[in-house]
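So you can see what is in the structure, the chains are spelled out below.
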Number of protein chains: 2
Amino acid sequence: MTTPVIIVHGGAWTIPKDIVEESRDGTKKAAKAGYTVLSSGGTAIDAVQAAIRVLEDTPCFDAGTGSVLTAKREVEMDAVIMDGRTLKSGAVACVQNIKNPIELARMVMEKTSHSMLVGPGANLFAEEMGIERVPTDSLVSEEAVRELEASGHDTTGAVALDKNGNLAYGTSTGGISGKKPGRVGDSPIIGLGGYADNDVGGISCTGHGESISKVVLAHQIITAMRTGTDAQEAADKALANMASRVEGYGGVIVLSRLGDVALSYTTDNMSWAWAKEGTIHSGVNPGEDIQEPVGGYALIGYEYKI
Amino acid sequence: MTTPVIIVHGGAWTIPKDIVEESRDGTKKAAKAGYTVLSSGGTAIDAVQAAIRVLEDTPCFDAGTGSVLTAKREVEMDAVIMDGRTLKSGAVACVQNIKNPIELARMVMEKTSHSMLVGPGANLFAEEMGIERVPTDSLVSEEAVRELEASGHDTTGAVALDKNGNLAYGTSTGGISGKKPGRVGDSPIIGLGGYADNDVGGISCTGHGESISKVVLAHQIITAMRTGTDAQEAADKALANMASRVEGYGGVIVLSRLGDVALSYTTDNMSWAWAKEGTIHSGVNPGEDIQEPVGGYALIGYEYKI
């Protein structure tokens, strides 16, 4: 029996002062949602989905509600979920007018023979699955409108390990503010923006998508860990490599298959939280590690099974 | 000064007998086109583009003209090109109604700050770039219509090394026959379906996209080569790992930074050709290695600079 653990992030970037507290609260709430699933005996994949759903529904994060706007002032969202037991994954990219892309990503994984659906094809699949269509306006936050001038980006992600030793990860994002319509970064792509393998560990990345892609960041970390490198060292080295090789910056959250927790970022801030053995850790600024009891979290009205 | 070399493939699968010769000729013609660029002092990236353009224009291959059909009997194409000197890449996915997706992929690399554009956004960018819109029917071959019942797939790809030691790779495909609209596999994604790094080597993969993605096939091979494993051994081991871990089959073409050539496949056939020092090698069946002088190839009406 493995000790369950979940780690989440709300993006690595320079977090504006007026949303620092909302970001901190949002990541804690997401970690709690995932931990509630895990500690009631749920699976890693359900915990990841529950955590990311909270991040998508929190307007200060660039995913689901609060997604940044494209150059055409539309919302195009990307999400992925991966099961470390089977290496199966599901992803959607450039999907529009749905509230929780992570749920659609999971349906791609479980209800198709494919691993990624993009654009109108992804929306067609959402219709087939009976997912409600929501107006673009309902996904747009004041912050996202402001950011269109500032070119922000802050992907969300989660990695979980359940009591049976199964790992899963997920990532959800609105991408880069002011992006060309149709732009896809690293986020919805396994190997680049994240990975999960029960034999090794799980990862979710955030930061400059094109740089993360260039160095195949997640697989670089997994490969180092597979040959015995400690999770923290693997994360630090891969981010240093990305900075020196392509001048790219970002952050990662990592769990090893044994439940070791690592997080690292080369940006000014990363909002993160992780929960294990009844304690939740969180931080936004370098060096921060606030510890509290996890406490209860009511998954009211939330069906994490699909 | 490095000895230039180019290798191409027209897909790893069970090639129907009636298109074996057309496949063999097509890969040879593509390798010759790329080799003509290289031997006249051109760059690896131009050689890759020239070779893939030929593969896209050859109807027996599942890329450009000859792309397989989606479940809705439409054509949705994916392509990528990557520069091993800078690690920059450009990709398009689910693009419709253009003749040569590889050219649009290169424009994404060179004329945007992004690395991938998908769906209608990719077509919008094609319009901005002044690329001619062609009717879907002009891209559909008789073979593709027949294959819709047989569920075929056979990506095309090329890897080149130029006299200055620069590596590049590209991949172009119509994906899997009968796919859901919006489906994207490994092909247009660096790290999964291919990779190029001047420090190590270049790779293009073909086969079952979802399996290639699961094991991050291209980066697995690059990583082994980076730590000193021979190209052929790295390719063989990674394909064996994919078969044992996820029961996935396919093929790869590889060049090391020193110009060593490797190719490997776990399917019945792979059409391939490579050219170096005035000789072209080619094959379709296991054990085959036909050698001839490259001879001339007229790149008539073809502008490989963009």
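For the structure, check the block above.
Small disclaimer: the values here were computed from a predicted structure and weren't measured. (Residues numbered from 1 in each chain as written. Chains lettered and ligands numbered in written order. Predicted model: local features only at pLDDT ≥ 70, side-chain atom pairs only at ≥ 80, totals over all residues. Heavy atoms only, no water.)

Colleague: How should I be thinking about the sheet that holds strand β12 (residues 279–283) of chain B in this particular structure?
Modeller: In a beta sheet, neighbouring strands pair by backbone hydrogen bonds and run either parallel or antiparallel. Residue and element names in this part refer to chain B. Read from one edge of the open sheet, nine strands run β4-β3-β2-β6-β5-β1-β11-β12-β13, paired in mixed fashion. Each of the sheet's edge strands pairs with one partner strand only, and the pair in question is β4 (116–118) and β13 (290–293). Neighbour-to-neighbour, the strand axes of the sheet open up by a mean angle of 10 degrees, direction not taken into account. Where strand β1 (residues 5–13) lies against strand β11 (residues 269–276), seven bridges are found, and the strand directions are antiparallel. Of the residues in β11, the one forming a bridge with His9 is Trp272. Sitting on the sheet, helix α2 (residues 44–57) touches β1, β2 (77–83), β5 (156–161) and β6 (167–173), and the angle it makes with β5 is about 155 degrees. (Pairing = 2+ DSSP bridges. Helix = DSSP H or I, 4+ residues; strand = E, 2+ residues; numbered from the N terminus. Axes fitted to C-alpha atoms, helices over the stretch in contact; angles between N-to-C directions. Contact = heavy atoms within 4.5 Å.)

Colleague: In this structure, what is going on with the sheet that holds strand β7 (residues 194–197) of chain B? I would like to understand it.
Modeller: Residues and elements named next belong to chain B. What the four strands build is an open sheet, ordered β7-β8-β9-β10; its pairing is antiparallel. Two strands close off the open sheet at either side, each with one partner strand: β7 and β10 (261–265). Neighbour-to-neighbour, the strand axes of this sheet turn through a mean angle of 10 degrees, independent of strand direction. Where strand β9 (residues 250–256) and β10 come together, five bridges link them in antiparallel fashion. Pairing of Val252 across the sheet is with Ser264, part of β10. Docked against the sheet, helix α7 (residues 217–226) engages β7, β8 (201–207) and β9, running at close to 150 degrees with respect to β8. This element, helix α8 (residues 231–246), spans β9 and β10 of the sheet and lies at about 20 degrees to β10.

Colleague: So what exactly am I meant to see when it comes to the relation of the copies chain A and chain B here?
Modeller: Superposing the two chain copies requires a rotation about an axis and a translation along that axis. Between the two copies, chain A and chain B, the superposition gives an RMSD of 0.0 Å; the rotation angle is 180 degrees and the shift along the axis is 0.0 Å. These values place the two chain copies in the arrangement generated by a two-fold rotation axis. Measuring from the rotation axis to each C-alpha of chain A, the shortest distance belongs to Gly119 of chain A, at 2.7 Å. When the interface residues of chain A are mapped onto chain B, 100% of them again lie at the interface, so the same face is used by both copies. (Least-squares fit on C-alpha atoms with pLDDT ≥ 70 in both.)

Colleague: What exactly am I supposed to notice about the pattern of salt bridges here?
Modeller: If charged atoms from side chains of opposite charge come close, those side chains can pair. This structure, assessed with the given rule, holds 26 salt bridges over all chains. Ionic pairing is found between Arg24 of chain A and Glu288 of chain A, a salt bridge with its closest N-O pair at 2.8 Å. You can see Arg24 of chain A sitting in helix α1 (residues 20–39) and its partner Glu288 of chain A sitting in the loop between β12 (279–283) and β13 (290–293), a full 264 residues away along the chain. A relative accessible area of 10% means that Arg24 of chain A is categorised as buried. Here the residues in one salt-bridge network are Asp197, Asp199 and Arg226 of chain A together with Arg245 of chain B, joined through shared partners. (Salt bridge = Lys/Arg side-chain N within 4 Å of Asp/Glu carboxyl O. Buried < 20%, exposed > 50% of the residue type's maximum accessible area, 1.4 Å probe, protein only.)

Colleague: Please clarify how the interface of chain A and chain B should be interpreted in this entry.
Modeller: How big an interface is tends to be stated in terms of the accessible area lost upon association of its parts. Counting residues at the interface gives 43 residues for chain A and 43 residues for chain B. Both sides together, the interface formed by chain A and chain B hides about 3,300 Å², and carbon and sulfur atoms give 63% of it. When the buried surface of chain A facing chain B is broken down by residue, Lys180, Lys214 and Arg245 of chain A rank first, second and third, together holding 19% of it. For the pair chain A and chain B, the interface holds six salt bridges. Lys180 of chain B is the salt-bridge partner of Glu128 of chain A, the closest N and O atoms lying 3.0 Å from each other. In this structure, the connection of chain A to chain B is made through 13 residue pairs in polar contact (both at pLDDT 80 or more). Elements that contribute at least two residues to the side of chain A that touches chain B include exactly β4 (116–118), α4 (119–128), β7 (194–197), α6 (209–214), α7 (217–226) and α8 (231–246) of chain A. By residue number, the principal contributor to the side of chain A that touches chain B is α4 of chain A, which donates five residues. When grouped by side-chain class, the residues that make up the side of chain A that touches chain B number 18 nonpolar, 13 polar and twelve charged. (Buried area = accessible area lost by both parts, 1.4 Å probe. Polar contact = N/O pair within 3.5 Å; in protein donor to acceptor, adjacent residues only side chain to side chain. Nonpolar A, V, L, I, M, F, W, Y, C, P; charged D, E, K, R; others polar.)

Colleague: Which parts of the structure should I look at to understand unusual backbone geometry?
Modeller: Backbone phi values are negative for most residues with the exception of glycine, while trans is the configuration of most peptide bonds. Of note, the phi angle at Cys94 of chain A is positive, near 55 degrees, even though the residue is not glycine. Considering the arrangement of structural elements, one finds Cys94 of chain A in strand β3 (residues 89–95). Look at Val216 of chain B: it is not a glycine, yet its phi comes out positive at around 50 degrees. Note on Val216 of chain B: relative accessible area 0%, which makes it buried.

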